[in-house]
4 protein chains.
Amino acid sequence: MLVVMTTHATPEQVADVCTAIGHLGFEARPMPGGQRTAIGVVGNDRRVEDSTIAGLPGVAEVIHVSSPYKQVSREWKPESTVITLDNGVQIGGDAVVVMAGPCAVEGPEKLLEVAGIVADAGGVILRGGAYKPRTSPYSFQGLGPEGLKILAEARKAYGLAVITEAIDQESADAVAEVADIIQIGARNMQNFALLKHVGKLGRPVMLKRGMSATVKEWLLAAEYVLSAGNEQVILCERGIRSFDSATRNVMDITAVALARTLTHLPIIADPSHATGRRDMVPPVARASVAAGADGVMVETHPRPSEAFSDGPQALYPDQLKKLMGELGVISGALGRPLATLPKR
Amino acid sequence: MLVVMTTHATPEQVADVCTAIGHLGFEARPMPGGQRTAIGVVGNDRRVEDSTIAGLPGVAEVIHVSSPYKQVSREWKPESTVITLDNGVQIGGDAVVVMAGPCAVEGPEKLLEVAGIVADAGGVILRGGAYKPRTSPYSFQGLGPEGLKILAEARKAYGLAVITEAIDQESADAVAEVADIIQIGARNMQNFALLKHVGKLGRPVMLKRGMSATVKEWLLAAEYVLSAGNEQVILCERGIRSFDSATRNVMDITAVALARTLTHLPIIADPSHATGRRDMVPPVARASVAAGADGVMVETHPRPSEAFSDGPQALYPDQLKKLMGELGVISGALGRPLATLPKR
Amino acid sequence: MLVVMTTHATPEQVADVCTAIGHLGFEARPMPGGQRTAIGVVGNDRRVEDSTIAGLPGVAEVIHVSSPYKQVSREWKPESTVITLDNGVQIGGDAVVVMAGPCAVEGPEKLLEVAGIVADAGGVILRGGAYKPRTSPYSFQGLGPEGLKILAEARKAYGLAVITEAIDQESADAVAEVADIIQIGARNMQNFALLKHVGKLGRPVMLKRGMSATVKEWLLAAEYVLSAGNEQVILCERGIRSFDSATRNVMDITAVALARTLTHLPIIADPSHATGRRDMVPPVARASVAAGADGVMVETHPRPSEAFSDGPQALYPDQLKKLMGELGVISGALGRPLATLPKR
Amino acid sequence: MLVVMTTHATPEQVADVCTAIGHLGFEARPMPGGQRTAIGVVGNDRRVEDSTIAGLPGVAEVIHVSSPYKQVSREWKPESTVITLDNGVQIGGDAVVVMAGPCAVEGPEKLLEVAGIVADAGGVILRGGAYKPRTSPYSFQGLGPEGLKILAEARKAYGLAVITEAIDQESADAVAEVADIIQIGARNMQNFALLKHVGKLGRPVMLKRGMSATVKEWLLAAEYVLSAGNEQVILCERGIRSFDSATRNVMDITAVALARTLTHLPIIADPSHATGRRDMVPPVARASVAAGADGVMVETHPRPSEAFSDGPQALYPDQLKKLMGELGVISGALGRPLATLPKR
């Protein structure tokens, strides 16, 4: 930590800050400069609460040097975390995974149809929302427990793993019994009570980045899950909010590559929500794999025009198949195969 | 609703869209233009789910004309909502309210001391967090139920109303028993499960705007509470996220004025979280009242350098007193008195 | 300056960085920490080009402590700059100035009519664009030199000072001969060639903040003008770009107050461009004065529906008059009168 | 165009708007809805200036349906524009081009060294700034005309094409005589006077996207160049500004793919400025090609720690070579070769 004093700070003010730092159990090292004095704080292997310092007279700024997160960082654990699902599929290893499915579970026949499409195209994980967090209270909110049952059937029928979203503690408990991965959506990324709760459920968690969360906040949110005892966390970049309405969000492709350097956790890209447009999903999916993503999650629907929600971003089945081929070539060029379903 | 076709859309595609609109129970009105055809949708007094239309061939864009929210809008209810608290203080009426207090409840003596400062300065509502949503799992998370007890004592001692944050359903139940107003924080603005829950608790709710929520999303979040049966909702603008780190957030002062035209709900400004800097709180508080806010919420602390969190933005007691004077003059200039505590 | 090393930086890497700092003519002060070593750079009263350091092995981050700007800062010149125009009006002194007029100069009769409205309402500076930077090449681009002539006539007729925009060096030369203040628009805030040029013209310059410029970049742009020899610079906050399309831009009201602490230059607010909506202009203008602005610039038009550009944000004459009254009361409450035209 | 009336608009107000539309030479088509009336404007194959309508009583909103740009759009010219440089290299055709070089031209020996590195790695266009737009007036501003001479020599020595930035009309004239492509930087994207000027110089122009420009504004800026008579325009995505400081900017990878659908102009990606970090350049460059970019521009330097500016983002020579190999495999997977220098 570094405390920067104002230009006109008096020697007494500098001394007072040094004393305060000492009271916190650290060592203060004043560094006089041409314009102002800065005071280094030595010996803090934990983060110092800066509020006790930042409010003192003469202090201009407090700068934190150490990362605020621990267990999620690559410095803490250099080797990549590999998560093995019940069907044997691994996330975060050599192979690149493709998760696909509809935005929402709409009924048993439809979901089985989609599951077949996904398995046929080479996907290994089925997505589909049973609990839907919707901006408007008047929009379709998902089938709930009924949707989970349908997911469980589709899972059994095709051997696909299943990922679906939890929106509160109750739904998280229900999801944990059925799904291979509990998804925490962007709007709940800083729902800390929920993060702590899923940290205790013993199932892999996929944490979507909040719409305007910094990478640091995202990693700190993941830290909530890890610090509650669950190391099986997958990150998911799904686009951030910007000033431009040309696409729904802005896919932060650099964050995909950056996450791989900052954390040992696997990173998945969601081009469907990042772009909101069917025709943008394939190029952005390809880009994500080229940038080093451990997988992509895309929406697909047999007849997108009939979808209950987010139809305009769902791929047609033949588009999904074509995309899988392209992803295989690009990941292959980087020395990574596409993950496949184990033989049954 | 308006459906805009692509330039090269065929007459058959236009006809298909009209048919689909008819199937939804509405009337389609094609309007051929120089470059492209647009199709008006007539008869929709509810919002049309656009996904069934937006995915059809030849459709370039779907534009919604009607507001997606209902009960929160001024068109729904032209007269301003006035919320009367147990101590007689009104929010949303003529008088401008000042809410003040520490970021977090830190202990019984300290809170009583702050409550005295607030009452003495002329504030009518005491703020203070018992449950603190913190970005890092390693930061102080609040005193919890113990903090609520302390708030209840301070409330009784000074006749102030109390506002404090709920972070999940359990804490919401606890807060509802003690506080006059349940606060929903920016990070939980789209925690829809929590919104529905507090919609059933029968206590006034103050809904902070999410860090990157549009005004429309904010009003839709409020709509969740109203549609669950609770009309006592207060909006709170607390700054939005931007590209500039010069201050913690960007106070969206226009949103304060805009909210008054779009909704009948009261609107409060929080310059402490919007700016994150003590010296910016007074000018931004003054600006908020000048823009038409129904009140302001500011942080204050007897000794900010000792605060457990957010010390750098807490006003010193004498700063609070001075600010109250300035706010009184400005609100008076606009024909609004400052709210005062009823005689006891 | 502070150089933060990575966690696993070797002692040799630390030593190499210290040597490199020495080669730059500064003193290196290593500060070993619990997680990593930081190295302070002492003796730099000018900004160190960090690229020579930031690229060295083992360096995680380089943090600059001193402000990158000089002459615009309050530390450089504590007393506020007061600019006196030819008609005796002062900007940056005690009095709050109101600049008003149409978006674009549309013809001699219309401008004289507006000038009369402005003078009658109590404004002291007439605005009006002769050169219009427009997003589309097909939009009205202004009357050019003819517009300047019209401005000169209106100036003479009513004793108002005149402000108008320059968009390149040629127009800047022409504007400097006619106008009291040369306006540099938001889109040209980092047109450094133009900034240097107007720095040599010896006329007051009003520099609008770029749509997504940080406060620091804005002050550095002003520094270009000052460093070219012109100290008569006025800053103008006109709203920044955000994710929300509810209003045209987001008025950064805190920046108005912040600028007063960071710089000695006067600061004007432009609520017309910040909001883009006529009904939002009065509340945001009031807020700006309450936050400490030295003046406001608003658009007005006798018949906004006929305006060549930006009609929806122009005030009707009676709205301007009413607003002037409100601004007078608020500025008076803060101990500042409204500026008036000297008797002629 | 569509005019949306307020909920309580009277029939007279609707009639007045229809009359005003008629006066503009268009046909009005009122569409009464459940909540409010909308009025379609038919017959406008040019953009209607909405200010005359938007200010009328009872009007809530004016929505433009047609694209504001013309000549840059794919609807105007369906086939992709291919630009052939003097050395035979084509941009926008089948082959993917790599532009590389230092941020700034630093001297003749150094530039020749870099040019050799670029040619050796397989690059076809040499970049290097002679005129540098810098945020601070105290930073290195480039060698100017001397820098252009050096670029011309390097161009001759290796047969590389040359791209370099112009910052005003004077420098644009000088650049046009020496360079194959005139670069317009992000800060000048809306310097319309400069855009019109380079539109008349008869040389290919590469237009970087402004830091916070929407895709629409970017295309409109390109339209300025085309409408001045120059169809040889290349777009360059270089990252947009966001709330997160984790990387310098946010690479808008979707904009690369989107531009290909909206416009016939070639699109280049600049991962160096988009990320600001050497280790992020290769993954983001790969992603750009995977998303469909017609080329990438990267910074390279023989010894980045000695670079005059932007050293931390410059690739080491061996990194450039390795990246070229990766780009070749990915572009090949999409059926596109890397462009090569013609035999001499």
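Residues numbered from 1 in each chain as written. Chains lettered and ligands numbered in written order. Predicted model: local features only at pLDDT ≥ 70, side-chain atom pairs only at ≥ 80, totals over all residues.

K.L.:
Outline the overall build of chain A, listing residues and values.
P.N.:
Across its full length, chain A carries 11 helices and 14 strands. Its C-alpha atoms give chain A principal-axis dimensions of roughly 75 × 45 × 40 Å. Looking at chain A as a whole, 62% of its 344 residues qualify as buried. Restricting to contacts in chain A with at least 6 residues of sequence separation, those with at least 24 account for 66%. (Helix = DSSP H or I, 4+ residues; strand = E, 2+ residues; numbered from the N terminus. Buried ≥ 20, exposed ≤ 12 C-beta atoms within 10 Å, placed from the backbone. Contact = placed C-beta atoms within 7 Å.)

K.L.:
Help me get a handle on the relation of the copies chain D and chain A, residues and values and all.
P.N.:
Least-squares fitting of chain D to chain A yields an RMSD of 0.1 Å, with the superposition described by an axial translation of 0.0 Å and a rotation of 180°. Such a combination of rotation and displacement between the chain copies is what one expects of a two-fold axis. Ranked by how close their C-alpha atoms come to the rotation axis, the residues of chain D are headed by D:Ala287, at 2.0 Å. Comparing interface residues between copies, 100% of those in chain D also lie at the interface in chain A; the contact surface is shared. (Least-squares fit on C-alpha atoms with pLDDT ≥ 70 in both.)

K.L.:
So what's going on with the packing of helix 4 (residues 145-158) of chain D against helix 5 (residues 169-178) of chain D? Which residues, and what values?
P.N.:
For any two helices packed against each other, one specifies the inter-axial angle together with the distance between the axes. Residue and element names in this part refer to chain D. Running from N to C, helix 4 and helix 5 cross one another at 15°; their axes reach a closest spacing of 10 Å. The angle between helix 4 and helix 5 places the two elements in the roughly parallel class. The crossing of helix 4 and helix 5 is right-handed. On helix 5, the residues touching Pro145, Leu148, Leu151 and Ala152 of helix 4 are Ala174, Val175 and Val178. Taken together, the residues that form the contact of helix 4 with helix 5 break down as seven nonpolar, no polar and no charged. (Axes fitted to C-alpha atoms, helices over the stretch in contact; angles between N-to-C directions. Parallel < 35°, antiparallel > 145°, perpendicular 65-115°, else oblique. Left-handed = near helix turned anticlockwise from the far one by under 90°. Nonpolar A, V, L, I, M, F, W, Y, C, P; charged D, E, K, R; others polar.)

K.L.:
Any chance you could break down the sheet that holds strand 8 (residues 125-127) of chain C for me, citing the residues and the numbers?
P.N.:
Residues and elements named next belong to chain C. Pairing is parallel around the closed barrel formed by eight strands, whose spatial order is 7-8-9-10-11-12-13-14. Across the sheet, the axes of successive neighbouring strands diverge by a mean angle of 30°, strand direction being ignored. Across three bridges, the pairing between strand 12 (residues 233-237) and strand 13 (residues 267-269) is parallel. From the neighbouring strand, Leu235 faces strand 13, where its bridge partner is Ile267. On the sheet, helix 8 (residues 253-262) packs against strand 12 and strand 13 and is oriented at approximately 170° with respect to strand 13. Across the sheet, helix 10 (residues 281-291) touches strand 13 and strand 14 (295-299), and the angle it forms with strand 14 is around 165°. (Pairing = 2+ DSSP bridges.)

K.L.:
Break down the sheet that holds strand 11 (residues 205-208) of chain A for me, with residues and values.
P.N.:
Sheets are built from strands paired through backbone hydrogen bonds, the pairs being either parallel or antiparallel. Residue and element names in this part refer to chain A. The eight strands are arranged 7-8-9-10-11-12-13-14 in a closed barrel whose pairing can be described as parallel. The average angle at which neighbouring strand axes cross in this sheet is 30°, direction not considered. By the bridge criterion, three bridges tie strand 8 (residues 125-127) to strand 9 (residues 161-166) in an arrangement that is parallel. Bridge pairing links Arg127 to Ile163 in strand 9. Packing of helix 5 (residues 169-178) onto the sheet brings it into contact with strand 9 and strand 10 (181-184), and relative to strand 9 it is tilted by some 180°.

K.L.:
Can you break down the interface of chain D and chain A residue by residue, with the values?
P.N.:
Interfaces are often sized by the accessible area lost when the parts come together. Each partner contributes residues to the interface: chain D has 32 residues there, and chain A has 32 residues. Elements supplying a minimum of two residues to the side of chain D that touches chain A: helix 7 (215-227), helix 8 (253-262), helix 9 (271-275), helix 10 (281-291) and helix 11 (317-333) of chain D. Among the elements that make up the side of chain D that touches chain A, the one with the highest residue count is helix 10 of chain D (six residues).

K.L.:
Any details on the pairing of strand 10 of chain A? Residues and values, ideally.
P.N.:
All names here are of chain A. Neither face of strand 10 is open: one carries Ile181 and Gln183, the other Ile182 and Ile184, and all of them are buried. Bridge analysis of strand 9 against strand 10 gives four bridges, and the strand direction is parallel. Each bridged residue has a counterpart across the sheet, and for Ile163 the counterpart in strand 10 is Ile181. Regarding topology, helix 5 serves as the crossover connection from strand 9 to the parallel strand 10, and that connection is right-handed. For the segment spanning strand 10, helix 6 (residues 192-198) and strand 11, crossover handedness is right-handed. (Right-handed = clockwise from strand over helix to strand, strands pointing away.)

K.L.:
Which residues make up helix 8 (residues 253-262) of chain B, and what are the values?
P.N.:
The element helix 8 of chain B is largely enclosed, with a buried count of nine among its 10 residues. Of all the residues in helix 8 of chain B, the buried ones are B:Ile253, B:Thr254, B:Ala255, B:Val256, B:Ala257, B:Leu258, B:Ala259, B:Arg260 and B:Leu262.

K.L.:
An account of the pairing of strand 14 (residues 295-299) of chain D is needed here, citing residue identities and associated values.
P.N.:
Residue and element names in this part refer to chain D. By the criterion of burial, strand 14 is predominantly enclosed, with five of the five residues buried. Where strand 7 (residues 97-101) meets strand 14, five bridges bridge the pair, whose relative direction is parallel. Counterpart to Ala100 in the pairing with strand 14 is Val298. Two elements, strand 13 (residues 267-269) and strand 14, share two bridges in a ladder whose sense is parallel. Its bridge partner lying in strand 14, Ile268 is registered against Gly295.

K.L.:
How would you summarise the environment of A:Val82 if you had to cite specific residues and measurements?
P.N.:
In this fold, A:Val82 is placed in the loop between strand 4 (59-63) and strand 5 (83-84). In this structure A:Val82 touches A:Gln90, A:Gly92 and A:Gly93, once residues within four positions along its chain are discounted.

K.L.:
Tell me about the domain arrangement of chain A, and name the residues and values.
P.N.:
For chain A, the assigned domains are domain 1 (2-63) and domain 2 (83-333). Here the C-alpha centroids of domain 1 of chain A and domain 2 of chain A sit 44 Å apart. (Domains from an automatic or database assignment.)

K.L.:
Lay out the environment of A:Tyr69 with the relevant residues and their values.
P.N.:
Relative to the helices and strands, A:Tyr69 resides in the loop between strand 4 and strand 5. If we skip the residues at most four places from it in the chain, A:Tyr69 touches A:Leu219, A:Leu220 and A:Glu223.

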